[in-house]
Every structure is written in structure tokens, then in C-alpha cells.
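# Structure assessment
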Amino acid sequence: MKQTFLTPLSVAAAALTLAACETHPAVAGPAGGCPITSSDNWNAWVNAMPGPGSRPTLIVTGRVTTPTGGYQPALQLEQVAESHPVQVSVRLHPNPPAGPATQALVTHDVRGEWPMASQVGSVTVRCGNAVIARISPVETAH
């Protein structure tokens with residue numbers, strides 16, 4: 001009788017093959033009710049460069065990974081606390097696919113820009129019920 005031994009690599013390959021065939025709904029990832037699987041590379045700065053018709057603009061960028069293709073993540077200004085310096089909250093809207101989507105993790109670059117006071121102390125990025133990033137201090141480019 002011949003014995004067959006499965007190596008960890010063959011087991012992992014078989015699991016990936018099966019997982020690629022399954023359809024999973026968007027699940028709550030590490031961000032408490034937000035269907036992203038991870039986020040990183042968050043930055044925020046105020047562009048206050050001089051010039052005709054220019055006005056200070058808050059720019060927030062980051063990278064999020066979604067559980068499937070078809071997502072169209074976007075940032076929306078949520079709240080500006082009028083303190084000194086200003087404290088800003090933005091919300092990540094994952095915007096899941098409306099129909100069938102590829103069953104693979106997809107990484108998206110996100111960016112938001114809003115007219116803002118030239119002094120911003122911090123930016124908080126929320127998704128679902130969780131804070132996924134807090135950026136402080138926020139530099140101003142003059």
C-alpha cells in the first residue's frame with residue numbers, strides 16, 4: 001500500500017484553489033464594520049503655496065486593500081472642529097461592487113482634497129465604526 005504525504009506547500013496550494021472558487025460577501029475586516037482588509041501609507045498636508053487665486057487645500061492620501069475587485073473607495077470630508085489648530089475627520093466610503101467581482105485582494109490608492117485653513121493639527125480617517133488612521137502632525141507647505 002502506497003502512502004501519500006501532503007507537504008505544507010501542497011495543502012496551501014489546494015486551499016488557495018478552493019478559495020478562488022468560493023464567493024464571499026464583504027466581511028467586517030480589522031476596521032470594525034468596514035469591508036477593507038487593511039490600510040496603510042496615510043499622509044496629510046496642507047498645500048498653502050502662493051499664487052493667483054490659490055487657497056490652502058488639505059490633501060489626504062492613503063492606500064486600502066479590499067477583499068475583492070470592483071470596489072471604488074473614496075474619501076469624504078466629515079467634520080472640521082474649529083479649534084486651534086483645526087482637527088479634521090474624513091470618512092472612507094468603500095463603495096462595494098454592484099455585481100460580480102474578481103475574488104482577489106485589490107489595493108487602491110485613495111486621495112481627498114478640500115479647501116481648508118492653513119493650520120491643521122490632525123486628521124482622523126474613519127471607516128465603518130472604526131478609526132483606521134490618525135495623522136498628526138499635519139505639515140503646511142508654503
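Residues numbered from 1 in each chain as written. Predicted model: local features only at pLDDT ≥ 70, side-chain atom pairs only at ≥ 80, totals over all residues. Heavy atoms only, no water.

Bringing the sheet that holds strand S5 (residues 106–115) into the picture now. Sheet architecture is open: four strands sit in the order S5-S2-S1-S8, paired in mixed fashion. On the outer flanks of this sheet lie S5 and strand S8 (139–141), each paired with one strand and no other. Averaged over all pairs of adjacent strands, the angle between their axes in this sheet comes to 25 degrees, without regard to strand direction. Across eight bridges, strand S1 (residues 38–47) lies against strand S2 (residues 57–66) in antiparallel orientation. Looking at the pairing, Ser38 lines up with Thr65 of S2. (Pairing = 2+ DSSP bridges. Helix = DSSP H or I, 4+ residues; strand = E, 2+ residues; numbered from the N terminus. Axes fitted to C-alpha atoms, helices over the stretch in contact; angles between N-to-C directions.)

All right, on to the nonpolar core then. With 25 residues, the main nonpolar core has Trp42, Leu58, Val60, Leu75, Val123 and Val125 as its most contacted residues. Every element with two or more residues in this core is listed here: S1, S2, strand S4 (86–93), S5, strand S6 (120–127) and strand S7 (130–135). In this structure, Val123 is in contact with Ala44, Leu58, Val60, Val88, Val90, Ala133, Arg134, Ile135 and Val138, ignoring residues within four places of it in sequence. (Core = buried A, V, L, I, M, F, W, Y, C linked by side-chain atoms within 4.5 Å. Buried < 20%, exposed > 50% of the residue type's maximum accessible area, 1.4 Å probe, protein only. Contact = heavy atoms within 4.5 Å.)

One pass over the structure, following the stated rule, counts one disulfide. Each sulfur in the disulfide pair Cys34 and Cys127 lies 1.7 Å from the other. Taking the sign of the torsion about the S-S bond as the criterion, the disulfide between Cys34 and Cys127, at about 65 degrees, is right-handed. Here Cys34, found in the loop between helix H1 (8–21) and S1, pairs with Cys127, found in strand S6; they are 93 residues apart in sequence, far enough to count as distant. When sorted by exposure, Cys34 lands in the same class as Cys127, which is buried. (Disulfide = S-S within 2.5 Å.)

Working definition: the strands of a sheet are paired by backbone hydrogen bonds and lie parallel or antiparallel to each other. Pairing is mixed in the open sheet, where four strands are placed in the order S3-S4-S6-S7. In this open sheet, the two strands that pair with only one neighbour each are strand S3 (74–81) and S7. Going from strand to strand, the sheet's axes swing by 25 degrees on average, the running direction of each strand aside. Bridge analysis of S3 against S4 gives seven bridges, and the strand direction is antiparallel. The residue bridging Leu75 from the neighbouring strand is Leu92, located in S4.

On to the environment of Asn41, then. Among the structural elements, Asn41 can be located in strand S1. Among the residues examined, Asn41 registers a relative accessible area of 48% and is labelled partly exposed. Separated by 21 residues in the primary sequence, Asn41 and Gly62 place their C-alpha atoms 5.1 Å from one another. Those residues in contact with Asn41 that sit more than four places away from it in its chain are Thr61, Gly62 and Arg63.

Enumeration over the complete set of coordinates arrives at four salt bridges. Its salt-bridge partner being Arg126, residue Glu78 comes within 3.8 Å of it at the nearest N-O pair. Of the two residues, Glu78 is situated in strand S3 and Arg126 in strand S6; the sequence distance between them amounts to 48 residues. On the basis of relative accessible area, Arg126 is assigned to the partly exposed category, the value being 29%. (Salt bridge = Lys/Arg side-chain N within 4 Å of Asp/Glu carboxyl O.)

Just distances and angles here, no functional claims.
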